[in-house]
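A structural walkthrough
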Amino acid sequence: MEAQPTEDRVTGRSIAKATRRAALLDAAAHLFADRGYNGVSIEDLGAAAGVSGPAVYRHFAGKPSVLSALLIGVSEDLLKGARAVAGVSSSPEEALKALIGFQVEFALNHADVIRVQDRDLGSLMTDDERSVRSLQRNYVQLWVDELAAYRPDSDRSLQRRRVHAVFGLINSTPHAAHGTGAGPERDLLRTLLEEMAWAALTT
């Protein structure tokens, strides 16, 4: 049987590696949220992802780099996604509503990551924590800019406080969504969060 081209073999290995890395990050989000960063070992992470503890080191330098990859990756994804949804909006009002929907959907689907962020951000290495905070400031600023465009007569410092309040509201989801699962209850919670967030921003 003729061997596949090197490019195909590399692509296959790359996909498998990326899949395993994603599985480890998913496992880390769940375990860190459940036990706290300090309560989870490399062996725990490997077992949850279906690999041995030492195999984790093929993807990450150690447990600190797992936490870093999780929180920096999420912060990058949020900023990129927010820029995308705001960029295709036709007005500041539409952009704000799209941003709210985007954040609510994230909170409903990634409650574990929110819990890890709230509890274990301080466990990051100094440079990594600085990176996360920088990404988050840019994320907040994007919201503030859209709110300023929607309400140009409002005080900027008040607008920033409104945005932070909305994040606090939406990111309460890990507690509010407990036991809702999928279906009508989840849809009701999504609608409630979106309506409350809009009122908090604009009232």
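Residues numbered from 1 in each chain as written. Predicted model: local features only at pLDDT ≥ 70, side-chain atom pairs only at ≥ 80, totals over all residues. Heavy atoms only, no water.

Looking now at the confidence of the model for the protein chain. Averaged over all residues, the pLDDT of the protein chain is 90; the fraction at 70 or higher stands at 89%. In the predicted structure, residues 1-8 sits below a pLDDT of 50 and forms two contacts with residues beyond four places in sequence or in another chain. (pLDDT = per-residue confidence, 0-100. Contact = heavy atoms within 4.5 Å.)

In this structure the tally under the stated criterion is eight salt bridges. Here R35 makes a salt bridge to D44, at a shortest N to O gap of 3.2 Å. Residue R35 is classed as partly exposed on the basis of its relative accessible area, which comes to 44%. For D44, a relative accessible area of 26% corresponds to the partly exposed category. Taking the shortest distance from any N to any O, the salt bridge between E105 and R190 comes out at 3.0 Å. (Salt bridge = Lys/Arg side-chain N within 4 Å of Asp/Glu carboxyl O. Buried < 20%, exposed > 50% of the residue type's maximum accessible area, 1.4 Å probe, protein only.)

Here helix α9 (residues 184-202) contains 19 residues, and its C-alpha end-to-end distance of 27 Å stays within 8% of the 27 Å for a straight helix at 1.5 Å per residue. Listed as buried for α9 are R186, L189, R190, L193, A197, W198, L201 and T202. (Helix = DSSP H or I, 4+ residues; strand = E, 2+ residues; numbered from the N terminus. Expected span 1.5 Å × (residues − 1).)

Take the side chain of D120 next. Considering the arrangement of structural elements, one finds D120 in helix α5 (residues 111-120). Those residues in contact with D120 that sit more than four places away from it in its chain are F32, G36, Y37 and L67.

When you line up the elements, Q117 lands in helix α5. Exposure remark for Q117: the relative accessible area of 19% places this residue in the buried category. Among the polar contacts made by the side chain of Q117, one reaches the side chain of Q136 at a distance of 3.2 Å. For Q117, the contacting residues outside a window of four places in its chain are L71, V132 and Q136. (Polar contact = N/O pair within 3.5 Å; in protein donor to acceptor, adjacent residues only side chain to side chain.)

Centre distance and the angle of the planes are the two values used to describe a pair of aromatic rings. Enumeration over the complete set of coordinates arrives at five aromatic pairs. Three or more aromatic residues joined by ring pairs make a cluster, and in this case those are Y139, W143 and F167. Directly above the aromatic system of Y37 lies the positively charged group of K63, at a separation of 4.3 Å from the ring centroid. (Phe/Tyr/Trp six-rings, centres within 6.5 Å; stacked < 30°, edge-to-face > 60°. Lys NZ or Arg CZ within 6 Å of the ring centre and 35° of its normal.)

It is worth spelling out the nonpolar core at this point. Within the largest apolar cluster, 58 residues are counted, with the highest numbers of intra-cluster contacts made by F32, L45, L70, L71, W143, V163 and L201. Listing elements by their share of this core, those giving two or more residues are α1 (6-35), α2 (42-49), α3 (63-87), α4 (92-109), α5, α6 (126-150), α7 (156-170) and α9. (Core = buried A, V, L, I, M, F, W, Y, C linked by side-chain atoms within 4.5 Å.)

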